[in-house]
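# Inside the fold
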Amino acid sequence: MTPQRLRAAVSTLAPGVTMAVIVAITAQFLSQHYGTPAMLLALLLGIAVNFLGEEGRTVPGIAFGSRTLLRLGVAFLGVRISFDLMMGLGVQVILLVIGGVLATIAFGLIVARFFGHKWRFAFLTAGSVAICGASAAMAISAILPKDERSEERLIFTVMGVTVLSTLAMILYPIAVDLLDLNDLQGGVFLGGTIHDVAQVVGAGFTISETTGDTATLVKLIRVATLAPVVLVASLLIRRFAEAPVGEGSPPILPSFVVGFLVLATLNSLHLLPPFVVEALSSASRWLLLTAIAAVGMKTDLRQVLKVGGAAIALLIVETTFICLFILLGVTLIT
């Protein structure tokens with residue numbers, strides 16, 4: 001790209017990206033002071049100013065934020081993965097967590113028809129519940145064939161899993177105490193069932209440091225499944241989806257998946273300096289927060305609410321399934 005084109009692109013995108021960044025910073029500030037998930041706040045604040053995504057100079061930058069910044073943020077998630085640390089949990093725990101991810105996705109695809117939803121929404125919700133909440137929802141949405149309801153399905157899923165994850169952060173530690181789970185069992189349960197990473201950390205360390213560390217590692221196993229799940233799904237969708245190849249078809253090999261895998265491999269081989277890992281991890285959080293703010297700014301809440309009660313029920317059923325699956329597995333292997 002020539003300097004002239006670069007300056008023109010920056011000039012075009014800057015107003016919208018700047019507004020999304022302002023919303024993200026505001027959400028983070030409110031989150032730190034009021035204990036509300038930053039992702040949810042960014043989404044809601046973005047929706048409150050959605051007129052910025054409809055017309056005017058901010059539209060191109062907001063579209064860029066909701067697409068390109070999102071994929072870059074997901075790619076940078078790879079630096080959080082360290083396979084040698086996760087192997088310390090033992091093969092049985094790793095297989096349980098991966099089994100929970102795959103079983104939840106399969107369960108969602110099977111039961112969605114009973115709630116009146118087709119495979120796109122089923123995979124979006126089940127994948128977000130099974131893997132890592134809002135981040136997974138945005139990554140999966142990026143590879144699904146697009147239609148007129150793609151944005152509203154994504155917004156609903158992000159809102160739903162974030163709210164359920166927040167409730168789980170409050171209720172699941174109580175369940176750990178009532179079920180008399182030890183620190184290891186509690187950590188596996190919390191890390192294997194709560195949707196978002198931040199809420200896993202919050203729930204785990206309210207019980208003990210051991211539980212918090214275990215929960216975080218277990219959660220990272222679920223995060224590590226994001227790339228292979230998205231990669232396999234994109235290939236299957238490309239092969240079998242009803243959408244014709246063209247604008248609405250998913251990519252054969254999403255670049256953000258490649259980036260995720262490369263960074264996860266480099267970090268697992270200890271080829272990345274600690275300051276690089278910390279910088280990219282922090283960048284990932286801010287990119288995803290900015291992206292979800294931009295997604296909110298593109299969204300008409302009235303359209304999102306049309307998704308209906310059956311969609312809420314589907315999310316709750318999928319969440320209940322992974323909770324029971326992991327709980328049963330924990331009692332059997334530990």
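Here's a quick rundown of the structure. (Residues numbered from 1 in each chain as written. Predicted model: local features only at pLDDT ≥ 70, side-chain atom pairs only at ≥ 80, totals over all residues. Heavy atoms only, no water.)

### So, the environment of Ala 291
Locating Ala 291 in the fold gives a position in helix α14 (residues 274-297). Separated by 220 residues in the primary sequence, Ala 291 and Arg 71 place their C-alpha atoms 8.8 Å from one another. Apart from residues no more than four positions distant in its own chain, Ala 291 is found in contact with Gly 65, Ser 66, Leu 69 and Leu 70. (Helix = DSSP H or I, 4+ residues; strand = E, 2+ residues; numbered from the N terminus. Contact = heavy atoms within 4.5 Å.)

### Digging into the state of the cysteines
Scanning the model with the defined rule gives zero disulfides in all. For the unlinked cysteine Cys 132, the closest cysteine sulfur is that of Cys 323, found at 18 Å. Residue Cys 132 is classed as buried on the basis of its relative accessible area of 3%. Residue class for Cys 323 comes out buried when judged on its relative accessible area of 14%. (Disulfide = S-S within 2.5 Å. Buried < 20%, exposed > 50% of the residue type's maximum accessible area, 1.4 Å probe, protein only.)

### A look at the layout of surface pockets
Considered as a void within the structure, the largest pocket measures approximately 650 Å³ in volume. Taken together, 24 residues line the largest pocket, and the ones lying closest to its centre are Ala 38, Met 39, Ala 198, Gln 199 and Arg 285. When contributions to the lining of the largest pocket are tallied by element, the ones reaching two or more residues are α1 (3-34), α2 (38-48), α7 (133-143), α10 (197-207) and α14. With five residues, the single largest contributor to the lining of the largest pocket is α14. Here the lining of the largest pocket is composed, by residue class, of 13 nonpolar, eight polar and three charged. (1 Å grid on protein atoms, 1.4 Å probe; cavity = no way out; pocket = protein on both sides within 12 Å on 5 of 7 lines; lining within 4 Å. Points joined across faces, edges and corners; volume = space filled by probe spheres on them. Nonpolar A, V, L, I, M, F, W, Y, C, P; charged D, E, K, R; others polar.)

### What to know about unusual backbone geometry
A positive phi angle, near 60°, is found at Asp 180, a position not held by glycine. Position of Asp 180 relative to the elements: it lies in the loop between α8 (150-178) and α9 (183-193). Positive phi values are uncommon outside glycine, yet His 270 reaches one of about 60°. Looking at the secondary structure, you find His 270 in the loop between α13 (255-268) and α14. By relative accessible area, which is 56% here, His 270 ends up exposed.

### Structural notes on a nonpolar patch on the surface
A cluster of nonpolar side chains, contributed by Val 163, Leu 167, Ile 170, Leu 171, Ile 174 and Leu 178, occupies part of the molecular surface with about 580 Å² of accessible area. Within the element layout of this structure, Leu 178 appears in helix α8. (Patch = residues over 30% accessible without salt bridge, like charges linked within 9 Å, V, L, I, M, F, W, Y side chains within 5 Å. Areas by Shrake-Rupley, 256 points an atom, 1.4 Å probe, with all protein chains shown as cover. Salt bridge = Lys/Arg side-chain N within 4 Å of Asp/Glu carboxyl O.)

### Regarding the packing of aromatic side chains
On inspection of all chains with the given rule, the structure shows four aromatic pairs. Summarising the aromatic geometry, the rings of Phe 121 and Phe 156 are spaced 6.0 Å apart at their centres and angled 40° between planes, so their arrangement reads as tilted. Pair noted here: Phe 121 is in helix α6 (residues 119-130) and Phe 156 is in helix α8, with a separation of 35 residues, a long-range link. The same class applies to Phe 121 as to Phe 156, namely buried. Between Tyr 172 and Phe 189, the ring centres sit 5.3 Å apart and the planes meet at 40°, which makes this aromatic pair tilted. Of this pair, Tyr 172 sits in helix α8 while Phe 189 sits in helix α9, placing them 17 residues apart in sequence. We note that Tyr 172, like Phe 189, is buried. (Phe/Tyr/Trp six-rings, centres within 6.5 Å; stacked < 30°, edge-to-face > 60°.)

### Thoughts on the side chain of Asn 267
Tracing the backbone through its elements, the reader meets Asn 267 in helix α13. Side-chain polar atoms of Asn 267 contact the backbone oxygen of Ile 81, separated by 2.7 Å. Excluding residues within four positions of it along the chain, Asn 267 makes contact with Val 79, Arg 80, Ile 81, Ser 82, Leu 272 and Val 277. (Polar contact = N/O pair within 3.5 Å; in protein donor to acceptor, adjacent residues only side chain to side chain.)

### Overview of the packing of α7 against α8
The N-to-C vectors of α7 and α8 enclose an angle of 165°; their axes lie 8 Å apart at closest approach. One way to sum up the angle between α7 and α8 is to call them roughly antiparallel. Of the two possible hands of crossing, α7 and α8 adopt the one that is right-handed. Along the contact surface, α7 presents Gly 133, Ala 134, Ala 137, Met 138 and Ser 141, while α8 presents Leu 154, Thr 157, Val 158, Val 161 and Thr 162. In terms of residue class, the contact of α7 with α8 is made up of six nonpolar, four polar and no charged. (Axes fitted to C-alpha atoms, helices over the stretch in contact; angles between N-to-C directions. Parallel < 35°, antiparallel > 145°, perpendicular 65-115°, else oblique. Left-handed = near helix turned anticlockwise from the far one by under 90°.)

### Quick look at the environment of Pro 173
The topology assignment puts Pro 173 in helix α8. Looking at Pro 173, the relative accessible area reads 14%, which means it is buried. As a C-alpha pair, Pro 173 and Gly 202 span 29 residues in sequence and 9.9 Å in three-dimensional space. Beyond its immediate stretch of four places on either side in the chain, Pro 173 contacts Ala 168, Leu 190, Ala 203, Thr 206 and Ile 207.

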